[in-house]
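Working through the structure, step by step
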Amino acid sequence: MRFNIAHGSVVGSHHHRSMKNNQDAYRYIDKGVIQVGVVCDGCGSCPYSEIGANYGASYLTTQLMKYREALLDSGDFKLADLVTVVRSHMIADLALHKLNSSEFTQSYLFTIVGFLRIRDKICIFNEGDGYFEINGEPTMVDENNQPGYIAYNVLGRVGKMQIQTFDVAKVKNFIVAT
């Protein structure tokens, strides 16, 4: 089963009034039996966080898709394990960005909500605040306006990605959002 995808982004009223950039990013790749989509939301109080949001959405979709052949050849794979491995690679890559950027915290604070579907399984993952919905059942991840950005792992504050896996046959529709 393939899911139809729709996406959109709205610049918040505060950003619009102060003429700030939209700090949302979205990437989606569909290769038939594999679909991956990621939504990232940059930290509103950081002037360049759209850089990190775009980096995060692009990095995660590209890297998750990179492993598709190995996953399709494997009879026993766990989507959550793949997401965890790609997350750890991303943290290492962010550490390199930190070395090369004096404005790391101004550019790379962003939240993540995404999905990975391979054959008959789909996993929903998030780090930081966000929202997802499965078959009309909403889950709001609210971190009291202090999200655990993945970049904090580079700065000594260890965070955790939440990952849930579902059978595609039981999922009629889903939403991921920040």
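This structure is a prediction, so every number in the text was calculated from the model and none was measured.

Strands sit in the order S1-S2-S3-S4-S7 across an open sheet of five strands; the sheet is antiparallel. Edge strands, defined here as strands with exactly one partner in the open sheet, are strand S1 (24-30) and strand S7 (162-167). Recorded for the sheet is a direction-independent mean angle of 10° between the axes of neighbouring strands. Relative to strand S4 (residues 121-127), strand S3 (residues 110-118) runs antiparallel, the two sharing seven bridges.

Across the protein chain, the average pLDDT comes to 86, with 87% of residues at 70 or higher. The secondary structure element of the protein chain with the lowest average pLDDT is helix H1 (residues 13-17), at 59, and the one with the highest is helix H2 (residues 49-66), at 94.

Another aspect to go through is the side chain of Asn-126. Tracing the backbone through its elements, the reader meets Asn-126 in strand S4. Classification of Asn-126 as buried rests on a relative accessible area of 3%. In this structure the side chain of Asn-126 is engaged in a polar contact, spanning 3.2 Å, whose partner is the backbone oxygen of Gly-128. Every residue in contact with Asn-126, bar those within four places of it in the chain, is listed here: Ile-112, Val-113, Phe-132, Val-141, Lys-160, Met-161 and Gln-162.

Each value, and the rule that gives it
- Residues numbered from 1 in each chain as written.
- Predicted model: local features only at pLDDT ≥ 70, side-chain atom pairs only at ≥ 80, totals over all residues.
- Heavy atoms only, no water.
- Pairing = 2+ DSSP bridges.
- Helix = DSSP H or I, 4+ residues; strand = E, 2+ residues; numbered from the N terminus.
- Axes fitted to C-alpha atoms, helices over the stretch in contact; angles between N-to-C directions.
- pLDDT = per-residue confidence, 0-100.
- Buried < 20%, exposed > 50% of the residue type's maximum accessible area, 1.4 Å probe, protein only.
- Polar contact = N/O pair within 3.5 Å; in protein donor to acceptor, adjacent residues only side chain to side chain.
- Contact = heavy atoms within 4.5 Å.

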